[in-house]
Amino acid sequence: MSDGSFIVRKAAVLGAGVMGAQIAAHLVNANIETLLFELPATDAGDPNANVVKAVEKLKKKEPAPLSVKARAQAIQAANYDQHLELLKDCDLVIEAIAERMDWKRDLYVKVAPYLGEHTIFASNTSGLSINKLAEAFPEALRHRFCGIHFFNPPRYMHLVELIPCRVSDATMLDHLEAFLVTNLGKGVIRAKDTPNFIANRIGVFSLLATMHHGRMCNFGFDLVDALTGTLIGRPKSATFRTADVVGLDTLAHVINTMRDTLPDDPWHSHFVVPDWLQGLIEVGALGEKVKRGVYQKIKNEIHVLDMAAKDYRVSAAEVNDDLKQLLKYSSPADKFATLRNSQDPQAQFLWSIFRDLFHYCAVQLESIADNARDLDLAVRWGFGWNQGPFEIWQAAGWKQIADWIQQDIAAGKTMSAAPLPQWVMEIADGITQHVHGTQGSFAPATGKLQARSRLPVYRRQLFPDRLMGEETGYGQTIFETDGVRLWHTGDRIAILSFKSKMHTVGMDVLQGIQQAITEAEQNWQALVIWQTEPPFSAGANLQQATERPKGHAQSGDAPAPAHRPPSAFQSFLKKFKKSAQAKVLQVARDLDLADVLMAKKLAEVEGMIKLFQQTSQRLRYSMIPTVAAVDGLALGGGCEFVMHCDRAVATLETYIGLVETGVGLLPAGGGCKEFAMRAAQAAKDGDPFPQLKYYFQTVAMAELAKSAEQAKELGYLRPADTVVMHRFELLHVAKAQALALAESGYRPPLRAREIPVAGNTGIATIQSQLVNMREGGFISEHDNLIANKVAHVMCGGDLTPGSLVDEDWFLELERAAFMELLATEKTQARIEHTLKTGKPLRN
């Protein structure tokens, strides 16, 4: 540890349960060779059968723990009877067995003799004392022990809490934090060794407060969830749906841990498992893992437990319209003033849960976290809230909220009579600065603002996840239009960011890209396309094809919008990925085709498509390297831009695809051409069809990659493209790639002038398969037409197989086929139906 080096070549996870198996999955997502241990199977021929079964479950689980299913092969099955010797070669061992102190300590005694000389051993406990667990190790090993608390599901949840024991080596902790950040893509929060650490301590208290006030208001579970979800900046799963996902037995365990280990907590009397929750556990209704808990899906309807009837009923609760408007559109100060003063039960409920949450966070901050930033980020990253408790409080007016809390404490309305700490009122009275400011976040131990960590790993985050009060200015502007902003950070790399909603691509963005390429070729070493918040791009905006482009508007270097919190984006992705219907709807909306079709201005659309193709080609053949830095969605035209840049650098959680066929169209920004060229490059004996048929399927079925690694499998990303685990390191890596290309004496690739085509034989082969699908009722006549158009384009048209064409040939085929489909009544009907109903039309 002391020499400053720490490399994880091999890791082991002890425990193949829900969390252990998923942690192992994420380790292999990061290309780390991983052993997964479990008790030997006693009723099977294979002693590793328990692990084998757990790995098979990983392949079927949704959302997928594995970036691609093939990664499961990298998890090596092991058991405690036969394979403990393998631990000596592991750099990191993570224990993830059941939350029993005695079981964990017994396991530590068993494995300690087999650990390597420099092995780091960490527990994934969600709240047991790290210091008590450390006592099970020989004293000589304790400095290499700590807590690493992942949140479920480990691949998707950004938070990892890092908890030292009293003697944990400081250098070891720094190296481990760097590994967790860069290699696993996590947001690391150092937590104190207190029960349930930070996120669970605050999150579970918030849940208990919500239960308490929901019961006091006699609200049903579904009404509580309607009130405590997206309307207040939390995930759609809200309170009780989240409890079902976590597991009702797990929730009860955490509550009991708080009750047993926090006897002096002023809110201790509320750390009680409610009778209804205990009753569900006793009958085995443990939540989502058994398909029944607070909620239950019956046929196609969601039913919720009705406490009065002691049975399930259809979930149908609604929030008052006036309250909805208040929560959606009012300023934080006005919102909280109305909530507190309203006589409406729903408004009073919301004020009560926020007030008690603020109260609890203020009282407990000093004992559980180093500063307010750590608490807020832990809750945001661990529970998916858009803002942490102190951020919300500060936005609503610190002094006013503090005064109201004090008044409610005096009136006996709060869950505890504990007084607010003195520091709260010092901030309210202006004696000290805001809880979050430009210099840092409030630390109770010093009474001052504490700056962010200065560990070298954080230099890679040029624009980290920001809190309220932290200003973010995105570099110096080179030029800015209505559609884009080109800027830099003081070096020779130009960065292009789109300004449109969902970063859709209209005429203004296309012209901005062209202008940016020209500027970069003249004055900069390279061009990186990076958005200040996800998504990368949701595709084309054809509505602008009928509008006159606006003039360029020059502006100063005003701060750009803050990053969308990862939690909000994760919530969006969950909704987006639910079904193919969502893909179709999003594409139709972002294309804004309804207005285009009503205006019958198809000629203008064709002009925009031609400009789109020209822009893609300029990205490919510009005189400076172009790098797409991709995070989140990259659909349709956004995907085509990625395919045309010299390099793509993508976060693991990149969801990329050419999805136009879902609304009756086909890719026409160069996507079909790119796949045809790639198939030709991979061709053996000059025949591109063996590879082309897979690309055809990808396009015709509107395949959406659910990770950057799957995007490589589908062909959207190339083998040379880089996958980054941490989204806030994306720009750093993309700039490094761009600079490396520039410094190597970059020249654009030679234009492809002799591309062999699959021709009419390839088209006929695909058509024969389509006929079978049509006759079998798997596709409609219009589906067949769309697929035939895709085949015609990708196979190079009605030519003899092996005929040589250039790129323009494919682009003309793309453009013609797109316009032919757009002109059909059935494609227009699909678009209009999807926009009106949110459902796909198969006509």
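Parameters and conventions
- Residues numbered from 1 in each chain as written.
- Predicted model: local features only at pLDDT ≥ 70, side-chain atom pairs only at ≥ 80, totals over all residues.
- Heavy atoms only, no water.
- Helix = DSSP H or I, 4+ residues; strand = E, 2+ residues; numbered from the N terminus.
- Rg over C-alpha atoms; globule rule 2.2 N^0.38 Å.
- Buried < 20%, exposed > 50% of the residue type's maximum accessible area, 1.4 Å probe, protein only.
- Contact = heavy atoms within 4.5 Å.
- Areas by Shrake-Rupley, 256 points an atom, 1.4 Å probe, with all protein chains shown as cover.
- Lys, Arg positive; Asp, Glu negative; His and termini not counted.
- Charge placed at Lys NZ, Arg CZ, Asp CG, Glu CD.
- 1 Å grid on protein atoms, 1.4 Å probe; cavity = no way out; pocket = protein on both sides within 12 Å on 5 of 7 lines; lining within 4 Å.
- Points joined across faces, edges and corners; volume = space filled by probe spheres on them.
- Nonpolar A, V, L, I, M, F, W, Y, C, P; charged D, E, K, R; others polar.
- Pairing = 2+ DSSP bridges.
- Axes fitted to C-alpha atoms, helices over the stretch in contact; angles between N-to-C directions.
- Parallel < 35°, antiparallel > 145°, perpendicular 65-115°, else oblique.
- Phe/Tyr/Trp six-rings, centres within 6.5 Å; stacked < 30°, edge-to-face > 60°.
- Lys NZ or Arg CZ within 6 Å of the ring centre and 35° of its normal.
- pLDDT = per-residue confidence, 0-100.
- Core = buried A, V, L, I, M, F, W, Y, C linked by side-chain atoms within 4.5 Å.
- Salt bridge = Lys/Arg side-chain N within 4 Å of Asp/Glu carboxyl O.
- Expected span 1.5 Å × (residues − 1).
- Arc of directions from axis to C-beta.
- Polar contact = N/O pair within 3.5 Å; in protein donor to acceptor, adjacent residues only side chain to side chain.

### A short note on the overall build of the chain
So, point 1. Check the secondary structure of the chain and you find 30 helices and 23 strands.
So, point 2. Relative to the compact-globule value of 28 Å for 843 residues, the chain shows a C-alpha radius of gyration of 28 Å, a close match.
So, point 3. The principal-axis extent of the C-alpha atoms belonging to the chain is close to 80 × 65 × 60 Å.
So, point 4. The buried share among the 843 residues of the chain stands at 59%.
So, point 5. For the chain, the share of sequence-separated contacts (at least 6 apart) that also reach a separation of at least 24 residues comes to 72%.
So, point 6. Within the structure as shown, the chain displays about 34,100 Å² of accessible surface, and the carbon and sulfur contribution to it stands at 50%.
So, point 7. Charge-centre separation for the chain: the mean point of 89 positive side chains lies 2 Å from the mean point of 95 negative side chains.

### Points about empty space enclosed by the protein
So, point 1. For the structure shown, the criterion picks out five cavities of 30 Å³ or more.
So, point 2. Computed from the structure, the second largest cavity encloses a volume of approximately 100 Å³.
So, point 3. Around the second largest cavity, the lining is made up of 13 residues, and of these Trp530, Gln531, Asp631, Arg727 and Leu730 lie nearest the centre.
So, point 4. Across the lining of the second largest cavity, the residue classes break down as seven nonpolar, three polar and three charged.

### Focus: the sheet that holds strand E13 (residues 440-443)
So, point 1. Judged by pairing direction, the sheet is antiparallel, and its three strands sit side by side in the order E12-E13-E14 without closing on themselves. Edge positions in the sheet fall to strand E12 (436-437) and strand E14 (448-450), since each has one partner strand and no second.
So, point 2. One ladder, built from three bridges, connects E13 with E14; its direction is antiparallel. Within E14, the position partnered with phenylalanine 442 by the bridge is leucine 449.

### Some thoughts on unusual backbone geometry
Peptide bonds are trans in most cases, and residues, glycine excluded, mostly fall at negative phi.
So, point 1. The omega angle of the peptide bond from asparagine 152 to proline 153 is 0 degrees, so this bond is cis rather than trans.
So, point 2. Along the chain, proline 153 falls in the loop between strand E6 (145-150) and strand E7 (159-164).
So, point 3. The backbone phi angle of phenylalanine 197 is positive, close to 60 degrees, even though this residue is not glycine.
So, point 4. Structurally, phenylalanine 197 can be placed in the loop between strand E8 (187-190) and helix H6 (199-217).
So, point 5. We note that alanine 702 has phi near 50 degrees; this positive angle belongs to a residue other than glycine.
So, point 6. Topologically, alanine 702 is positioned in the loop between helix H24 (689-700) and helix H25 (708-714).

### Topic: the pairing of strand E9 (residues 295-298)
So, point 1. Examined bridge by bridge, E9 and strand E10 (residues 301-306) share four bridges and lie antiparallel to one another. Its bridge partner lying in E10, isoleucine 298 is registered against glutamate 301.
So, point 2. Hairpin geometry of E9 and E10 is characterised by an intervening segment of two residues between the two adjacent antiparallel strands and by a positive phi of about 55 degrees at lysine 299.

### Re the packing of H6 against helix H14 (residues 372-383)
So, point 1. Two numbers describe how H6 lies on H14: the axes approach to 9 Å, and their chain directions differ by 70 degrees. By the angle class used here, H6 and H14 are roughly perpendicular. Packed against H6, whose contacting residues are Ala199, Asn200, Ile202, Gly203 and Val204, the element H14 presents Leu375, Ala378, Val379 and Phe383 at the interface.
So, point 2. A breakdown of the residues in the contact of H6 with H14 according to their chemical character gives seven nonpolar, two polar and no charged.

### Here's the deal with the packing of aromatic side chains
So, point 1. On inspection of all chains with the given rule, the structure shows 37 aromatic pairs.
So, point 2. A network of ring pairs unites the aromatic residues Phe336, Trp351, Phe354, Phe358, Phe390, Trp393, Trp398, Trp404, Trp423 and Phe442 as a single cluster.
So, point 3. Over the ring of tryptophan 385 we find arginine 234; its NZ or CZ atom is 3.8 Å from the centre of that ring.
So, point 4. Here the guanidinium or amino end of arginine 751 rests over the ring plane of tyrosine 621, the centre of that ring lying 4.2 Å away.

### Let's talk about the confidence of the model for the chain
So, point 1. Confidence in the prediction of the chain, expressed as mean pLDDT, is 92, and 92% of residues score 70 or more.
So, point 2. Within the model, pLDDT remains below 50 along residues 545-584, and this stretch shows 94 contacts once partners closer than five positions in the same chain are excluded.

### Section: the nonpolar core
So, point 1. Ranked by internal contacts, the top residues of the largest apolar core, which has 117 residues, are Phe390 and Trp393.
So, point 2. Non-local contacts of phenylalanine 390, meaning those with residues more than four positions away in its chain, are made with Cys361, Ala362, Leu365, Ala372, Leu375, Asp376, Trp398, Trp423, Val435 and His436.
So, point 3. One finds Val605, Ala648, Ile766 and Ile831 within the second-largest nonpolar core, a separate group that totals 76 residues.

### A word on the pattern of salt bridges
So, point 1. Across all of its chains, the model carries 38 salt bridges by this definition.
So, point 2. As a salt-bridge pair, arginine 100 and aspartate 102 come within 2.7 Å of each other at their nearest N and O atoms.
So, point 3. Look at arginine 100 and you get partly exposed, because its relative accessible area is 37%.
So, point 4. Its relative accessible area of 36% is what places aspartate 102 among the partly exposed residues.

### Some details on the sheet that holds strand E19 (residues 626-635)
So, point 1. Spatially, E15-E16-E17-E18-E19-E20-E21 is the arrangement adopted by the seven strands of the open sheet, whose pairing is mixed. Every other strand in the sheet has two partners, leaving strand E15 (476-480) and strand E21 (722-724) as the edge strands with one partner each. With direction set aside, neighbouring strand axes in the sheet form an average angle of 25 degrees.
So, point 2. Here E19 runs beside strand E20 (residues 647-657); their pairing, made up of eight bridges, is parallel. The partner of alanine 634 across the bridge, within E20, is isoleucine 656.

### A short note on helix H1 (residues 18-29)
So, point 1. End to end, H1 covers 17 Å across twelve residues, agreeing with the expected 16 Å (1.5 Å per residue, within 8%).
So, point 2. Of all twelve residues in H1, eleven are buried, a share of seventy percent or more.
So, point 3. Three or more residues of H1 are buried, namely Met19, Gly20, Ala21, Gln22, Ile23, Ala24, Ala25, His26, Leu27, Val28 and Asn29.
So, point 4. Looking at the residues trailing H1, positive phi occurs at asparagine 31, about 65 degrees.

### Observations concerning H24
So, point 1. The end-to-end C-alpha separation of H24 is 15 Å, in line with the 16 Å expected for twelve residues at 1.5 Å each.
So, point 2. For H24, every residue scored as buried is listed here: Phe689, Leu692, Tyr695, Phe696, Thr698 and Val699. Projected onto a plane normal to the axis of H24, the buried residues spread over an arc of 165 degrees and lie on a single side.
So, point 3. Considering only its buried residues, H24 is in contact with helix H23 (671-681), H25, helix H27 (759-775) and helix H28 (781-794).
So, point 4. Backbone geometry just downstream of H24 places alanine 702 in the positive-phi region, at approximately 50 degrees.

### Here we look at the environment of alanine 711
So, point 1. Take alanine 711: it is sitting in helix H25.
So, point 2. Overall, alanine 711 belongs to the buried group, its relative accessible area being 0%.
So, point 3. Contact partners of alanine 711, with chain neighbours within four places excluded, come to Ile656, Ala705, Tyr716 and Leu717.

### What to know about the side chain of threonine 654
So, point 1. Relative to the helices and strands, threonine 654 resides in strand E20.
So, point 2. Among the polar contacts made by the side chain of threonine 654, one reaches the main-chain carbonyl oxygen of threonine 651 at a distance of 2.8 Å.
So, point 3. Filtering out sequence-adjacent residues up to four positions away, threonine 654 remains in contact with Val630, Asp631, Gly632, Ala705, Lys706, Ser707 and Ala708.

### Quick notes on the packing of H14 against helix H15 (residues 389-410)
So, point 1. With their axes 7 Å apart at the nearest point, H14 and H15 run at an angle of 110 degrees to one another. Taken together, H14 and H15 sit at an angle that is classed as roughly perpendicular. Along the contact surface, H14 presents Ala372, Leu375, Asp376, Val379 and Arg380, while H15 presents Pro389, Phe390 and Glu391.

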